[in-house]
Amino acid sequence: MSHLVPTLPIMRQSAKAAYRCTECGHATARWMGFCPQCRATGTVSATIDTPAVAGSPVRLAEALAEEVRRIPVGMREVDRVLGGGLVPGTVVLVGGEPGVGKSTLMLQAAASIVADADVLVVTTEESLPQVALRARRLGIDAENLLVLADTDVECIAGAAEMRRPAVMVIDSIQMVAAGDVGGSAGSPAQLRESADRLIGVSKRLGIATFLVGHVTKDGILAGPKQLEHAVDVVLSFDGDAERGLRLLRSLKNRHGSTHQIGLFEMTDDGLVEVNDPGALLVDEVTLSAPGTILFPAVHGRRPLLVEIQALVARSTTPQPRRSVKGLEAARVHQVLAVLERHAGLSLHQCDVYVSVVGGLQVRDPAVDLPVALAVASSLEETPLGGAAAWGEVDLTGQIRAVPHDDRRLAEVHRLGVSLSIHSGNEGLDGVAGALAATGLGRRSRSRVGPVPAAV
Ligand code: TYD
Ligand code: MG
């Protein structure tokens, strides 16, 4: 019997079709006497869509000559982060904590896009009336804006196929479900499958697509993390809920630099773009307190003055606490070790808290020196009087030069900061020298006791 078992029904869809039925169009990888689909006989014949065509190399010069057309979003801060607009077929993952304003940003962006085709917003979490309410609040009535409230990936793909929008927003990808995959929406398998299909549709139809994803409190694109490799651009949206400041940054960009940031303020009328952040992230009142210092961070070509705060308190536990917010914990731990070893500060019996004011994430390595100074200032209860600092601190306690010295200097001058401590200062001898320049580092040993000798 076994020789009669037909192999036809298990023919894989993905096989490259070399033969096609002239009656119903069904494709097969090999010639057959009858069509397994419509059962017509003698209708299967060779086609030209052989694998060789798909794999043909092209000349780089030709590819270079082809100009990349970008669709501007029309919001300066968003276009800046994207590298000048959306490249058709690009898939952009937008991550952020719940409530940060992703849906607001996406709706405003969708409404400001002027394209020669529609813009489709797919809402998987909110109902149509909810989206309409938000649009009314934001004063949005864009003509070319289409809204679809659906969670089924096939329906979404079908709508994209039918309307062929220039730009599509999926808010959020975690609520999209693929009916033929087990598990509930948002599970790793569902997420992968839904994203795969939507990415496929976007690439095939040349639709620039935003996939919105929620991240966990610690800023990790928990579920959507697994999608990062599959998308072209990864953006994160974060900020300080209390002050209304929001920051859009790119973590990956196949079509531009990853150093750009976009700044917004959340107001009652939606997100307002901030073109000159100035001292927006600085709290004049806290600057006079010990443990605070200014840091001109640079993102791309853009300086952004932020405030770094540290609190050092005698610990009541055998394992002192180290808490870091808005900075890389490993960097801060290294700075603490350098302070202990090369500047004689005794921190091993102290709890140390370090944070960036404004809820922002700083990844500029030049933050080492301001962290060191803020920690020493808190330990010695000596205010730094609104000084600014920047520089990378290495393991030997030396301060290394960082890029954009002139930009940082220009920004702190512009904003009226009179004292700057950085590697460009003449005669500055390492981190211990920087402490001495601000009147710190002298009382540390006597206050907390000497560093215990190594056993
Ligand atoms: P939302 O865009 O729904 O956040 P996400 O999609 O990231 O979960 O916005 C959340 C918050 O923004 C909400 O608490 C209300 C506030 N908001 C404003 O302050 N002003 C506005 O104009 C809008 C639309 C929202
Ligand atoms: Mg939302």
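Structure: see above.
First things first, this report covers the structure right here in the doc.

About the criteria used
- Residues numbered from 1 in each chain as written.
- Chains lettered and ligands numbered in written order.
- Predicted model: local features only at pLDDT ≥ 70, side-chain atom pairs only at ≥ 80, totals over all residues.
- Heavy atoms only, no water.
- Helix = DSSP H or I, 4+ residues; strand = E, 2+ residues; numbered from the N terminus.
- Buried < 20%, exposed > 50% of the residue type's maximum accessible area, 1.4 Å probe, protein only.
- Contact = heavy atoms within 4.5 Å.
- Polar contact = N/O pair within 3.5 Å; in protein donor to acceptor, adjacent residues only side chain to side chain.
- Near = heavy atom within 4 Å.
- Areas by Shrake-Rupley, 256 points an atom, 1.4 Å probe, with all protein chains shown as cover.
- Pairing = 2+ DSSP bridges.
- Core = buried A, V, L, I, M, F, W, Y, C linked by side-chain atoms within 4.5 Å.
- Axes fitted to C-alpha atoms, helices over the stretch in contact; angles between N-to-C directions.
- Salt bridge = Lys/Arg side-chain N within 4 Å of Asp/Glu carboxyl O.
- Expected span 1.5 Å × (residues − 1).
- Parallel < 35°, antiparallel > 145°, perpendicular 65-115°, else oblique.
- Left-handed = near helix turned anticlockwise from the far one by under 90°.
- Nonpolar A, V, L, I, M, F, W, Y, C, P; charged D, E, K, R; others polar.

**What to know about the overall build of the protein**
Okay, so step 1: A tally of regular secondary structure across the protein gives 12 helices and 20 strands.
Okay, so step 2: The burial tally for the protein puts 47% of its 455 residues in the buried class.
Okay, so step 3: Nonlocal contacts in the protein, meaning residues at least 24 apart in sequence, comprise 68% of its contacts between residues at least 6 apart.

**Looking at the side chain of N253**
Okay, so step 1: The residue N253 is located in strand β10 (residues 245–253) in this model.
Okay, so step 2: Under the relative-accessibility criterion, N253 is labelled buried at 10%.
Okay, so step 3: At 3.2 Å, the side chain of N253 and the backbone oxygen of L82 are in polar contact.
Okay, so step 4: At 2.8 Å, the side chain of N253 forms a polar contact with the backbone nitrogen of H255.
Okay, so step 5: If near-sequence neighbours (up to four positions away) are discounted, N253 is found in contact with V81, L82, G83, D232, V233 and T258.

**Points about the site of ligand 1**
Okay, so step 1: Looking at ligand 1, there are 16 residues lining it, with G99, K102, S103, T104 and T267 nearest.
Okay, so step 2: Note that a nitrogen atom of ligand 1 is positioned 3.1 Å from one of the side-chain N or O atoms of R137.
Okay, so step 3: Coverage of ligand 1 by the protein chains reaches 75% of its 560 Å² of free accessible surface.
Okay, so step 4: Among the secondary structure elements, those contributing two or more residues to the shell around ligand 1 are α4 (102–112), α5 (128–137) and β11 (261–267).

**Some remarks on the pairing of strand β9 (residues 233–240)**
Okay, so step 1: Of all the 8 residues making up β9, 7 are buried; the element is thus mostly covered by neighbouring parts of the structure.
Okay, so step 2: Both β9 and β10 contribute to a ladder of 8 bridges, which runs antiparallel. The residue of β10 that forms the bridge with L235 is S250.

**A word on the nonpolar core**
Okay, so step 1: Formed by 57 residues in total, the largest nonpolar core has its most connected members in L339, L373 and V375.
Okay, so step 2: Per-element tally for this core: the top contributor is helix α9 (residues 368–379), with 8 residues.
Okay, so step 3: Residues within four places of V375 in sequence aside, it is in contact with A310, V312, L336, L339, L347, V352 and V354.
Okay, so step 4: With 35 residues, the next largest nonpolar core counts M75, V94, A135 and L145 among its residues.

**As for the sheet that holds strand β5 (residues 119–123)**
Okay, so step 1: One open sheet holds the 9 strands; their spatial order is β6-β5-β7-β8-β4-β9-β10-β11-β12, and the pairing between them is mixed. Strands with a single pairing partner mark the edges of an open sheet, and in this sheet they are β6 (145–149) and β12 (270–273). Averaged over all pairs of adjacent strands, the angle between their axes in this sheet comes to 25°, without regard to strand direction.
Okay, so step 2: Two elements, strand β4 (residues 91–96) and strand β8 (residues 208–214), share 6 bridges in a ladder whose sense is parallel. Each bridged residue has a counterpart across the sheet, and for L93 the counterpart in β8 is L211.

**Observations concerning the pattern of salt bridges**
Okay, so step 1: For the structure on display, the rule yields 16 salt bridges.
Okay, so step 2: R408 is the salt-bridge partner of D364, the closest N and O atoms lying 2.8 Å from each other. With a gap of 44 residues between them, D364 in the loop between β16 (350–356) and α9 and R408 in helix α10 (residues 405–414) connect regions that are remote in the sequence. The residues D364 and R408 share a single accessibility class, namely buried.

**Topic: helix α8 (residues 329–342)**
Okay, so step 1: Its 14 residues place the ends of α8 20 Å apart at the C-alpha level, agreeing with the 20 Å of an ideal helix rising 1.5 Å per residue.
Okay, so step 2: Turning to α8, its buried residues number three or more, namely V332, V335, L336, V338, L339 and E340.
Okay, so step 3: Buried residues belonging to α8 abut β15 (322–325), β16, α9, β18 (392–393) and α11 (430–437).
Okay, so step 4: Directly after α8, the chain includes G344, whose backbone phi takes a positive value near 70°.

**Some words on the packing of α4 against α5**
Okay, so step 1: Where α4 contacts α5, the two axes come as close as 11 Å, and the packing angle between them is 70°. It follows from the interaxial angle that α4 and α5 lie roughly perpendicular. Considering the relative orientation of α4 and α5, their crossing is right-handed. Across from S103, T104 and L107 in α4, the residues of α5 making contact are V131, R134 and A135.
Okay, so step 2: Residues of the contact of α4 with α5, tallied by class, amount to 3 nonpolar, 2 polar and 1 charged.

**Things to note about the environment of V362**
Okay, so step 1: Looking at where V362 falls in the secondary structure, it is placed in the loop between β16 and α9.
Okay, so step 2: Sequence-wise, V362 and I308 are 54 residues apart; in three dimensions their C-alpha atoms are separated by 9.9 Å.
Okay, so step 3: With near-sequence residues (within four places) excluded, V362 lies in contact with F295, V306, G326, L327, E328, V356 and V367.

**A short note on the environment of A410**
Okay, so step 1: Mapped onto the elements of the fold, A410 is located in helix α10.
Okay, so step 2: Take A410: its relative accessible area is 45%, and that puts it in the partly exposed class.
Okay, so step 3: Sequence separation between A410 and P303 is 107 residues, and the spatial gap between their C-alpha atoms is 9.1 Å.

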